[in-house]
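Residue strings, one per chain:
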Amino acid sequence: MLAFLLILVFPAAGWDGTGHKIISYIAWQQMSPAAREKAIKILLSAPEDSDLSVFYPQDSRSTAAKQLELFMIAAYWADIVRDRKFENRYKYHNGNWHYSDTFWTTENGLTKIIENPNEDGGKAVEKLFDFEKVLKNGDAKDSEKAIALAWILHLGGDIHQPLHTSARVTELEPKGDQGGNLFLLTPKDTPREKQENLHSFWDRIIGINIPRRNDAPDAVYLPPIAQKIMKKHPRSKMQSRLELGKFEKWQQASFKIATTEVFPQSLIRFQSAPAAYKKRAFKISEEQIALAGYRLGAMLDEIFK
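On a predicted model such as this, the values are computed, not experimentally measured, just so you know.

1. Details of the packing of helix α2 (residues 17-29) against helix α8 (residues 142-158)
- Running from N to C, α2 and α8 point in directions that differ by 110°, and their axes come no closer than 10 Å. Taken together, the axes of α2 and α8 are roughly perpendicular relative to one another. For the element pair α2 and α8, the recorded crossing hand is right-handed. Where α2 approaches α8, its residues H20, I23 and S24 are matched on the opposing element by L153, H154, G157 and D158.
- Along the lines of polarity and charge, the residues of the contact of α2 with α8 split into 2 nonpolar, 4 polar and 1 charged.

2. A short note on the nonpolar core
- F71, L198 and F304 are the most contacted members of the largest nonpolar core, which totals 84 residues.
- What F71 contacts, discounting residues up to four positions off in sequence, is S24, A27, W28, M31, A39, I40, L43, L153 and L300.

3. Side note on helix α12 (residues 247-260)
- End to end, α12 covers 20 Å across 14 residues, agreeing with the expected 20 Å (1.5 Å per residue, within 8%).
- For α12, the full list of buried residues reads F247, W250, Q251, S254, F255, I257, A258 and T259.
- Next to the buried residues of α12 lie β1 (102-107), β2 (110-113), α7 (124-136), α8, β3 (166-168) and α13 (275-304).

4. So, the packing of aromatic side chains
- This structure, assessed with the given rule, holds 13 aromatic pairs.
- Here the aromatic rings of W97 and F131 are separated by 5.7 Å at their centres, their planes lie at 65°, and the arrangement is edge-to-face. Linking W97 in the loop between α6 (87-90) and β1 with F131 in helix α7, this pair joins segments that are 34 residues apart in sequence. For the pair formed by W97 and F131, the shared burial category is buried.
- For the ring pair F201 and Y277, a centre distance of 6.1 Å and an interplane angle of 35° mean the geometry is tilted. Here Y277 lies in helix α13 and F201 lies in helix α9 (residues 198-203), a separation of 76 residues in the sequence.
- The rings of W77, Y92, W97, F131 and W151 are connected pair by pair, giving a single aromatic cluster.
- The ring of F86 carries the charged tip of R89 above its face, separated from the ring centre by 4.1 Å.
- We note K127 situated over the ring of F131; from NZ or CZ to the ring centre the distance is 5.4 Å.

5. Points about unusual backbone geometry
- Phi is positive for D51, close to 60°, though the residue is something other than glycine.
- Examined against the element boundaries, D51 turns out to sit in the loop between α3 (33-43) and α4 (63-74).
- Residue classification places D51 among the partly exposed positions, given a relative accessible area of 23%.
- Positive phi, normally seen in glycine, also occurs at E243, with a value near 45°.
- Here E243 is to be found in the loop between α11 (218-232) and α12.

6. A closer look at the side chain of H93
- Here H93 is to be found in the loop between α6 and β1.
- On the basis of relative accessible area, H93 is assigned to the buried category, the value being 18%.
- Aside from chain neighbours lying at most four places away, what touches H93 is V81, R82 and H98.

7. Thoughts on the pattern of salt bridges
- Counted under the stated rule, the structure contains 19 salt bridges.
- Ionic pairing is found between E107 and K112, a salt bridge with its closest N-O pair at 3.4 Å.
- Given the relative accessible area of 40%, K112 is considered partly exposed.
- Between E243 and R295 there is a salt bridge, with its nearest N and O atoms 3.7 Å apart. With E243 in the loop between α11 and α12 and R295 in helix α13, this pair connects stretches of sequence that are 52 residues apart.
- Overall, the relative accessible area of 30% leaves E243 in the partly exposed class.
- Residue class for R295 comes out buried when judged on its relative accessible area of 3%.
- Through salt bridges with shared partners, a single network forms among K21, R212 and D218.

Reading guide: rules and limits
Residues numbered from 1 in each chain as written. Predicted model: local features only at pLDDT ≥ 70, side-chain atom pairs only at ≥ 80, totals over all residues. Heavy atoms only, no water. Axes fitted to C-alpha atoms, helices over the stretch in contact; angles between N-to-C directions. Helix = DSSP H or I, 4+ residues; strand = E, 2+ residues; numbered from the N terminus. Parallel < 35°, antiparallel > 145°, perpendicular 65-115°, else oblique. Left-handed = near helix turned anticlockwise from the far one by under 90°. Contact = heavy atoms within 4.5 Å. Nonpolar A, V, L, I, M, F, W, Y, C, P; charged D, E, K, R; others polar. Core = buried A, V, L, I, M, F, W, Y, C linked by side-chain atoms within 4.5 Å. Buried < 20%, exposed > 50% of the residue type's maximum accessible area, 1.4 Å probe, protein only. Expected span 1.5 Å × (residues − 1). Phe/Tyr/Trp six-rings, centres within 6.5 Å; stacked < 30°, edge-to-face > 60°. Lys NZ or Arg CZ within 6 Å of the ring centre and 35° of its normal. Salt bridge = Lys/Arg side-chain N within 4 Å of Asp/Glu carboxyl O.

Set out below in structure tokens:
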């Protein structure tokens, strides 16, 4: 029952809106003008009940600015449709598409992968392959491609968050820790609405380290962060790691981070993460966000060129 309640409180949402939009911003920078135009044409053809195309701004800003904003929001759309109050678009929600977990445990200090765990490990990798096929299918309607594109932008980001590839099995979590959702960083007696878990800590890592000032809009807040990340992790140094279309390898690399970096001995259940851990997590997340953006941008540029 406890695990069930925690699932309700702490869904596996992937990077928060800030993380997903930064990844999408970086992807946009990798795409040619023609590829950008094709992507926007597709997104504006989304089914009406998806509410995806309504995020295209109707204001006096430049077309380029409005197109970028739509592209960034599209990367977060798969989380927006989680809201049950909007029944029409809620039908596009699929909770177990957001992760591809490998179940594992530790024995004698070594990582041991658990084969055939009899638990749902998620379908992110599987769905990335499916949606890539839709985008490449010349007979598919743009309305179908719009949903596929939004999901690719989202899931491609999700599997670069290490805890979206990991289900750690312990004595306390014999069925897996649900990507760190069951690992609390707050004291046992903390009210549920004030609890923080390891998964949400990694999701919100950018905002934690670079808080939004004075209610700055995304157009002001996000680009400087993305540009700083790209400067710190230029594509030229990541080119050999892109592995376009090899989504299972993206997942495996992220999973390795989960097993080697996310659960050091310094991280103690029911206690706030140490300062050194927070610093390391931010550094890893910046690199993962850059890599996700470069991979998605290069892939979409190739598909839409």
